[in-house]
Each structure stands twice: as C-alpha cells, then as structure tokens.
Amino acid sequence: MSFAQLKRIYTAFNPPTVEKRSDALKFGIIGAANSAAWALLIPAKMHPEVVVHAVAARDRKRAEEFAKKNGVPVVYDSYQELLDDPEIDCILVPLPNSLHFEWAVKSIRAGKHVLLEKPSVSNGHEAEILFNLPELNQPKAPVILEAFHYRFHPIWSAFMSNVSSADVVHVETYSMIPWWFVNKDHIHFNYNLAGGTMMGMGTYNFAALRLIFGAEPEECISVDVKALTEGVHHDCDTEFKAKFRFPNGCIGEAFSTLQGPTIWHPSYAKVTHRQVEVEDKTLPLSQKKFVTREVTLHGFIHAIFWHRLDIKESYEIRDKDTGRVVKKWTESRWQKAHTAKEAGVDLGKTESETYWMSFRYQLEAFVNRVKGRETAYWVEREDSVRQMKMVDMAYQKSGLGVRPTSQFQVD
Ligand SMILES: NC(=O)C1=CN([C@@H]2O[C@H](COP(=O)(O)OP(=O)(O)OC[C@H]3O[C@@H](n4cnc5c(N)ncnc54)[C@H](OP(=O)(O)O)[C@@H]3O)[C@@H](O)[C@H]2O)C=CC1
Ligand SMILES: O=C1OC[C@@H](O)[C@H](O)[C@H]1O
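- The protein carries the name D-xylose 1-dehydrogenase (NADP(+), D-xylono-1,5-lactone-forming) in an unreviewed UniProt entry, which gives Paraphaeosphaeria minitans as its organism.
- Its UniProt record gives the protein the following Catalytic activity (unreviewed entry) comment, quoted word for word: "D-xylose + NADP(+) = D-xylono-1,5-lactone + NADPH + H(+)".
- Quoted verbatim from the Sequence similarities (unreviewed entry) field of the UniProt record, the comment on the protein reads "Belongs to the Gfo/Idh/MocA family."

### Things to note about the side chain of Gln362
Now for step 1: Assignment of secondary structure puts Gln362 in helix H10 (residues 358-370).
Now for step 2: Looking at Gln362, the relative accessible area reads 1%, which means it is buried.
Now for step 3: Side-chain polar atoms of Gln362 contact the backbone nitrogen of His149, separated by 3.0 Å.
Now for step 4: When residues no more than four places from it in sequence are discounted, the contact partners of Gln362 are Leu115, Leu145, Ala147, Phe148, His149 and Phe152.

### Some details on the pairing of strand S2 (residues 50-56)
Now for step 1: The buried fraction of S2 is high, at six of seven residues.
Now for step 2: Two elements, strand S1 (residues 25-30) and S2, share six bridges in a ladder whose sense is parallel. Looking across to S2, one finds that Ile29 is bridged to Val55.
Now for step 3: As for the winding sense of the linkage, the β-α-β connection from S1 through helix H2 (residues 36-45) to S2 is right-handed.
Now for step 4: Relative to strand S3 (residues 74-76), S2 runs parallel, the two being bridged by three bridges. Residue pairing for S3: Val55 is matched across the bridge by Val75.

### A look at the UniProt feature "domain: Gfo/Idh/MocA-like oxidoreductase N-terminal" (unreviewed entry) in the protein
Now for step 1: Within the UniProt annotation, "domain: Gfo/Idh/MocA-like oxidoreductase N-terminal" (unreviewed entry) is assigned to residues 25-133.
Now for step 2: For residues 25-133, the end-to-end C-alpha separation is 23 Å, with 43% helix and 22% strand making up the annotated structure.

### So, the pattern of salt bridges
Now for step 1: A full pass over the atoms with the stated rule returns 28 salt bridges.
Now for step 2: A salt bridge links Lys241 to Glu253, with the shortest nitrogen-to-oxygen separation between them at 3.5 Å. One end of the pair, Lys241, is in strand S9 (residues 236-245); the other, Glu253, is in strand S10 (residues 251-260), and 12 residues separate them in sequence.
Now for step 3: Lys241 gets classed as partly exposed once you look at its relative accessible area, which sits at 36%.
Now for step 4: With a closest N to O distance of 3.7 Å, Glu277 and Lys288 form a salt bridge. Of this pair, Glu277 sits in strand S12 (residues 276-278) while Lys288 sits in strand S13 (residues 287-298), placing them 11 residues apart in sequence.
Now for step 5: Through salt bridges with shared partners, a single ionic network connects Arg21, Asp23, Glu49, Lys371 and Arg373.

### Describing the site of ligand 2
Now for step 1: If you check the shell around ligand 2, you find Lys118, Ile177, Phe181, His188, Gly200, Met201, Tyr204 and His302 and nothing else.
Now for step 2: The side chain of His302 places a nitrogen or oxygen atom 2.9 Å from an oxygen atom of ligand 2.
Now for step 3: Protein chains shield 83% of the accessible area of ligand 2, which is 270 Å² for the free molecule.
Now for step 4: Top element by residues in the shell around ligand 2 is helix H8 (residues 197-213). It accounts for three residues.
Now for step 5: Looking at the shell around ligand 2, its residues break down into four nonpolar, three polar and one charged.

The rules behind the values
Residues numbered from 1 in each chain as written. Chains lettered and ligands numbered in written order. Predicted model: local features only at pLDDT ≥ 70, side-chain atom pairs only at ≥ 80, totals over all residues. Heavy atoms only, no water. UniProt positions renumbered as here; feature names shortened; annotations may be inferred. Helix = DSSP H or I, 4+ residues; strand = E, 2+ residues; numbered from the N terminus. Buried < 20%, exposed > 50% of the residue type's maximum accessible area, 1.4 Å probe, protein only. Polar contact = N/O pair within 3.5 Å; in protein donor to acceptor, adjacent residues only side chain to side chain. Contact = heavy atoms within 4.5 Å. Pairing = 2+ DSSP bridges. Right-handed = clockwise from strand over helix to strand, strands pointing away. Salt bridge = Lys/Arg side-chain N within 4 Å of Asp/Glu carboxyl O. Near = heavy atom within 4 Å. Areas by Shrake-Rupley, 256 points an atom, 1.4 Å probe, with all protein chains shown as cover. Nonpolar A, V, L, I, M, F, W, Y, C, P; charged D, E, K, R; others polar.

Right under this line is the structure:
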C-alpha cells in the first residue's frame, strides 16, 4: 500500500474538523453504539451543517463515557428523554436490529428525521408499517433513510453506469468480515435481537443484486447456511450462500460471512451481460459487431480501504449471413473514484475530498434532504421495504425463519 493510500485512509478516520454553520442540524444518538463512529461521529466532524448534540444509553455511565470520548455535550438517561429534546433535529438509530422498528417509529412521531442503521428493521412486515407511517406522507414530513452507505459512494455510481440491467445474465456478490472483528456475543448473533449474517452483511449483497438486475427477485432458489444452534444464538447464520432468480430468468448469487478468514478480503460484485450488437459504421455492410461486457466492482462495501472497477469487453465481428466469427478481441480497463468528480457524479455545490468515506457521502445526502435540497442519490422508502422482503425470502428458504417481529404496537 502506498503512502498516499495510507494517508487517505488515516485522514478518513481522522478528518479535519470544520467550522459549524449557525443553522447546523443537531443530531442525537440513541445507544452508545460502536457503529455510531463510522455512521455519524467521524463524518460529522467534517460536515459544516452537522453537530452531534446528545447521546442516550440504557446506562448513564456508559453514555457519559461515550459523550466524553466523542465530545458530545449532552447526555440523557433514556432514549425517550433524548427524543423529547426539542433542540434535536435528527436521530441516529444504531440499535440492535430488533429495536430499529420501535425507535424509528418513536423518533418520527417525535418529529425527528431518522438516519436508521441497516438492516432497516427485522422483517418485511415491520418495514411495510414503518415506511408507510402516515406521518411520512404529510407536508414537511420527517426524512428517513436506511443507512446503506455504500450506495452513496461515487465508485458505486461509476459501477452502475457501466451496468445495463436489461442485459444482465448473471451476478455474483461476495462480502466478508474476519472472525476476529465480530465476537460470538455480538448482537449480530442474537436471534431475539434479529441477528444473523444475512441481516448484518448479506443485506449489502442483496441490495447489490436488486440494483444490478433493476428488479426484485422472483424466487430464492437455494440458501446454504452455517448457523449457530445454542442459546440466544440459535438460528443465527454465521455464513451463507444464496441464489435468487430474477424476472429475466437469470441468477444472482450472494455469499457472505461474519466469521471469515483472518485476513480481510474486499467485497465484490461481478456482473456478466449477454452479448449485444454494437453499431460500427466502419465495418463493411456484410459484417456485424458484438460485445459481451463483464463488470466487476472490487471493494464495493468499504471502498475507502481499497476498490477497483474492472471492465472487460469481449468483441466479435461476425459475417452477417453465415454467423462466422471473422475477428475477436478483448479490451480491458479499470477505474477508481474517491471523489464525485472522478466518477462524474454531480453533488451540487459540494466539493468532495479523496478521504471521504461512503458514510460521509451518505451524511451529505441525508443533510441535503433534510434541508430540502436535491440529492444525486437516495434510498427511497419503498426500496427499503422491498429490501427487507428479499431478506425474508432468503431466511424462509434457509429454514432458519424470518427474524421475529417486534412486540411494539403502532396505533
Ligand atoms: N454501517 C455500518 O458499517 C455498521 C452498521 N451496523 C449496524 O448498526 C447496528 C448496531 O450495531 P453495532 O453498533 O455494531 O452494535 P453495538 O453493540 O456496538 O451497539 C448497539 C447499541 O444498542 C444498544 N442496545 C439497546 N438494547 C440492547 C440490547 N438488548 N442488547 C444490546 N444492545 C442494546 C446498546 O446501547 P446502550 O448504549 O444504550 O447500552 C448498544 O450501544 C446494527 O443494526 C448493525 O447492523 C453495525 C456495524 C457497522
Ligand atoms: O459494514 C459493516 O461491517 C461490520 C459489520 O459488523 C457491520 O454489520 C457492517 O455494517
């Protein structure tokens, strides 16, 4: 790894602190969660319109420690007290998956905008209720966003601009987290907290499949899992391989593990297109030109560490009458994009920096939506509902069962 790469990663996690505007949004965090650092605390430092104002934890001491460590000025004794603070505009919900539904509903009903950790809720049933709350369809409704951070990174846009959904014939996705990063006692492996690898990591692969095919899967054909069976961990998948059939009859595959090998391996999404004819006016009238494109994005989930977009195009020139191949060759190119400009994405007035992580791009979009501005990219509410339905489909097929629905009642 070069010095420039190391410097970029270092700066991503230790960014310069920018001056805050007087109309900056005040965020509250419910739960002194580890993921809050990536999702909000670090990107907030370099966002002039974001102030992390308060944190609440089930245990006040824990909240105080978190506040001291992260320079958060206000501490609340309970999540509800934080929601009752009229000064707070936005809430980060980084709770166990099983609590996302209840606290996202309560946040919206308190009139707050919600940045909701992925997966949005425990299952499709909860998603239908949450994302269709009447409060979200009113004028000046709160903004809610499932924190699908990688979808906001410019390399994802560059990748998608090379994918032609109508021509996709096969997709393979891979993601992993090394075993030492996720302890067996982590909330990811607690069934009652809606744990499991398909929830914690697989949902990233599933979203990639849905976006690449530009459609919802019709069927989950197979799911092979390694799962825990003991105590609170029961029915939590540590690793899985799933296959889905999409409306064009083609297959999308997802492999993920939260107990992967010691050395981190970048995620990838590999897309194969069908052969299509391309116009070439330089050819004699008796010949036709065809291309088959393979597009692979390495590092699609955590692009800041490393990524590369590979595009391989296999060309053939054929005789129109006989179909005989007259000539064939392959052209390959690759691309990286840490900034919006490098990917050709328009972020409006904002200039992105090479050290921006996917989470910083996500926060940019979230703030812009809250402020009523246009965003280059967004995860719509219906999208999050469909996403949870795909997760349900896979859990049903796996035999582990859909994650349990919250007892919290919405009236
Ligand atoms: N975007 C990303 O890169 C990442 C996203 N995530 C997502 O964020 C969410 C939280 O994950 P993560 O931050 O790793 O988890 P942590 O265990 O670090 O934090 C979870 C928080 O939930 C609170 N909590 C409330 N009720 C319970 C309970 N019954 N059991 C355990 N904790 C409880 C705790 O808050 P309190 O302080 O009140 O005790 C704790 O701080 C998950 O939905 C996960 O999928 C996770 C990692 C990375
Ligand atoms: O991006 C991630 O990496 C670590 C996992 O624990 C987490 O769930 C996921 O969002």
